[in-house]
Amino acid sequence: QVQLVESGGGLVQAGGSLRLSCAASGRTFSLYAMGWYRQAPGKQLELVADITSAASLNYADSVKGRFTISRDNAKNTVYLQMNSLKPEDTAVYYCNIYRVVGRYEYSYWGQGTQVTVSS
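Before going into details, it helps to say that this report is about the structure given with it. Nothing here was measured: the structure is a model prediction, and the numbers come from that model. (Residues numbered from 1 in each chain as written. Predicted model: local features only at pLDDT ≥ 70, side-chain atom pairs only at ≥ 80, totals over all residues. Heavy atoms only, no water.)

Taken in spatial order, the four strands make up an open sheet running β1-β3-β8-β7, and their pairing is antiparallel. Taken across any chain shown, the strands that pair with only one partner, and hence form the sheet edges, are β1 (3-7) and β7 (67-72). Averaged over all pairs of adjacent strands, the angle between strand axes in this sheet comes to 15°, irrespective of strand direction. Judged from the six bridges that link them, strand β3 (residues 18-25) and strand β8 (residues 77-82) form a sheet pairing that is antiparallel. Opposite A23, over in β8, you have T77 as the bridge partner. (Pairing = 2+ DSSP bridges. Helix = DSSP H or I, 4+ residues; strand = E, 2+ residues; numbered from the N terminus. Axes fitted to C-alpha atoms, helices over the stretch in contact; angles between N-to-C directions.)

See the structure below:
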């Protein structure tokens, strides 16, 4: 059974930093892409950043230069270092891991962790 456990969210002042972690268990995920999404109140879920199995990186324009995604395959863990946080970064952040094999897509989600940035 696949399980994703997120941690690291919380309340921080604008300009501060937080580091989110997502530990996956249940199988080896080195061939999976890993990503972080967020959903602010009243808004749609949006991709924040993702990292492929080959370590290619992708960031939303709104977080480029401030957030860094990384992964540790030995620990089955993906991280999101968030610096220079802004009030508009306030959202529930979700970890996602996925892989497409032929016509099958395997996608798993964490439970979400709240990030609140005060002005």
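This next bit is on unusual backbone geometry. Backbone geometry at A55 places phi at a positive 70°, although glycine is not the residue there. Within the fold, A55 resides in the loop between β5 (46-51) and β6 (57-59). Here A55 falls in the partly exposed class, since its relative accessible area comes to 45%. Of note, the phi angle at N76 is positive, near 55°, even though the residue is not glycine. Note on placement: N76 falls in the loop between β7 and β8. With relative accessibility at 14%, the residue N76 sits in the buried group. (Buried < 20%, exposed > 50% of the residue type's maximum accessible area, 1.4 Å probe, protein only.)

Everything listed here is a matter of coordinates, which is why it stays silent on function.
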